[in-house]
Amino acid sequence: MKITVVGAGAVGATTADNIVRKELAEEVILLDIKEGLAEGKAQDISQTAALLGFDSKITGVTNDYSQTAGSAVAVITSGIPRKPGMTREELIGTNANIVRNVAENLLKHSPDIILVVVSNPMDTMTYLALKATGLTKNRIIGMGGTLDSSRFRYQLSLRLNASPADLNAIVIGGHGDTTMIPLIKHATWNSIPVTQYLSAEEQQQIVADTMVGGATLTKLIGTSAWYAPGASGAAVVESIVRDQKKLFTASVYLEGEYGQQDINLGVPVVLGRNGWERILDLPLDDEEKAAFAKSTEAVRNMNNVLKEIGVL
Ligand code: NAI
């Protein structure tokens, strides 16, 4: 099996590193537009094989899509972060053109590919990839909720002094500081609702800390994070290629689920060999429904920018 990762920057290279360590494919292609970058990072990762003991082969290429032919899955991390003075429309315009171009190139060489979209604004980029490629909806998966849910479990583990692995907690909605919805009332600690152990104030604080999880790291590091995003991307790929049927929050195309149409949003899905295979419709209370509606509106406004700037 072959897996491609597009973008050899911080997130792309870390995703590829996790993929080869887990030996998810015999062959991994790391592709970047910047001359030599993917080759260099792929060689660096390859030089850990003797120490870590993996057999997956990773090859870096500069914009040569013929090397990606026959990929089962591709992770798209290419794009730019917002620069000072840049408008939201300019950022979307730049990343939208990159994501559209990358998705079309991948499809030319791997018509049955499953795309995992990471580039931001992720829900809108996932929607664009779906519309631009015409791939069946189950083969387009936006990665964001997996990361946000992992950060939610981290915040819960700190407060409860518990193992993150014992905690079940998910974040749904858009992948943004104000659009994500950490579902604390549904969170459990080995099947016991965590709300039993947390005061209302503690619950609010955990939700707030989860929502600014990415922004907090950007402030500390000076740029956006990559270890948890890379591990999250690889976890999504693992469930697909190993047909694990794991439940993750992913941004998928809604056609009536959660009362929404024609939009990609983060909801709990089963991930397996065919991409996302099933959406779980959660019973939301009025407060959660209102938050979901607000999140939907924000993502829809962002999607409309694609039309305004003529990318869709
Ligand atoms: P980065 O700047 O380190 O890497 C981006 C890479 O994309 C660069 O190496 C650049 O040369 C490459 N690139 C640009 N245009 C390209 C093209 N047309 N073809 C191939 N490669 C191209 O950025 P980083 O930190 O890796 O982030 C990547 C993206 O992922 C950003 O949009 C970021 O906002 C997003 N992100 C999303 C997360 C999520 O949970 N969905 C989490 C973290 C980051």
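Residues numbered from 1 in each chain as written. Predicted model: local features only at pLDDT ≥ 70, side-chain atom pairs only at ≥ 80, totals over all residues. Heavy atoms only, no water.

With that settled, consider the overall build of the chain. If you tally the helices and strands in the chain, you get ten helices and 14 strands. Taking 312 residues into account, the globule formula puts the C-alpha radius of gyration at 20 Å, and the chain, at 19 Å, falls close to it. Considered along the principal axes of its C-alpha atoms, the chain spans approximately 55 × 50 × 40 Å. Each of the 312 residues in the chain was classed as buried or not, and the buried ones make up 53%. Residue pairs at least 24 apart in sequence account for 69% of intrachain contacts in the chain once pairs closer than 6 positions are excluded. Of the charged side chains in the chain, 28 are positive and 34 negative; the average position of the first set lies 1 Å away from that of the second. (Helix = DSSP H or I, 4+ residues; strand = E, 2+ residues; numbered from the N terminus. Rg over C-alpha atoms; globule rule 2.2 N^0.38 Å. Buried < 20%, exposed > 50% of the residue type's maximum accessible area, 1.4 Å probe, protein only. Contact = heavy atoms within 4.5 Å. Lys, Arg positive; Asp, Glu negative; His and termini not counted. Charge placed at Lys NZ, Arg CZ, Asp CG, Glu CD.)

Here we come to the confidence of the model for the chain. Averaged over all residues, the pLDDT of the chain is 96; the fraction at 70 or higher stands at 99%. Scored as a complex, the prediction yields pTM 0.98 and ipTM 1.00. (pLDDT = per-residue confidence, 0-100.)

Further remarks concern the environment of glycine 9. Mapped onto the secondary structure, glycine 9 falls in the loop between β1 (2–6) and α1 (10–21). On the basis of relative accessible area, glycine 9 is assigned to the partly exposed category, the value being 28%. Spatially, the C-alpha atoms of glycine 9 and alanine 74 are 15 Å apart, while their sequence positions differ by 65 residues. Beyond its immediate sequence surroundings of up to four residues, glycine 9 is in contact with Asp32, Leu37 and Lys41.

Right, let's talk about the site of the ligand for a bit. Around the ligand, a shell composed of 25 residues is seen, among which Val11, Asp32, Val118, Asn120 and Met143 lie nearest. A distance of 3.0 Å is found between a nitrogen atom of the ligand and a backbone nitrogen or oxygen belonging to valine 118. Note that a nitrogen atom of the ligand is positioned 2.7 Å from one of the backbone N or O atoms of methionine 143. Burial of the ligand by the protein chains amounts to 84% of its free accessible area of 870 Å². Counting residues per element, the ones that place at least two in the shell around the ligand are α1 and α4 (88–109). If you tally residues by element for the shell around the ligand, the top one is α4, at three residues. A breakdown of the residues in the shell around the ligand according to their chemical character gives twelve nonpolar, eleven polar and two charged. (Near = heavy atom within 4 Å. Polar contact = N/O pair within 3.5 Å; in protein donor to acceptor, adjacent residues only side chain to side chain. Areas by Shrake-Rupley, 256 points an atom, 1.4 Å probe, with all protein chains shown as cover. Nonpolar A, V, L, I, M, F, W, Y, C, P; charged D, E, K, R; others polar.)

We now examine helix α10 (residues 286–308). Compared with an ideal rise of 1.5 Å per residue, which puts 23 residues at 33 Å, α10 spans 33 Å between its outermost C-alpha atoms and is within 8% of the ideal. For α10, the full list of buried residues reads Glu288, Phe292, Ser295, Thr296, Val299, Met302, Asn303, Val305 and Leu306. Its side-chain oxygen placed 3.2 Å from the backbone nitrogen of glutamate 287, aspartate 285 serves as the N-cap of α10. Glycine 310 sits one or two positions beyond α10 and adopts a positive phi of about 80°. (Expected span 1.5 Å × (residues − 1).)

To continue, consider the sheet that holds strand β7 (residues 167–168). Within a beta sheet, neighbouring strands are joined by backbone hydrogen bonds and run either parallel or antiparallel to one another. Strand order in the open sheet made by the three strands is β7-β10-β11, with antiparallel pairing throughout. Each end of this open sheet is capped by a strand with a single partner; those strands are β7 and β11 (192–193). By the bridge criterion, two bridges tie β7 to strand β10 (residues 188–189) in an arrangement that is antiparallel. Each bridged residue has a counterpart across the sheet, and for asparagine 168 the counterpart in β10 is threonine 188. (Pairing = 2+ DSSP bridges.)

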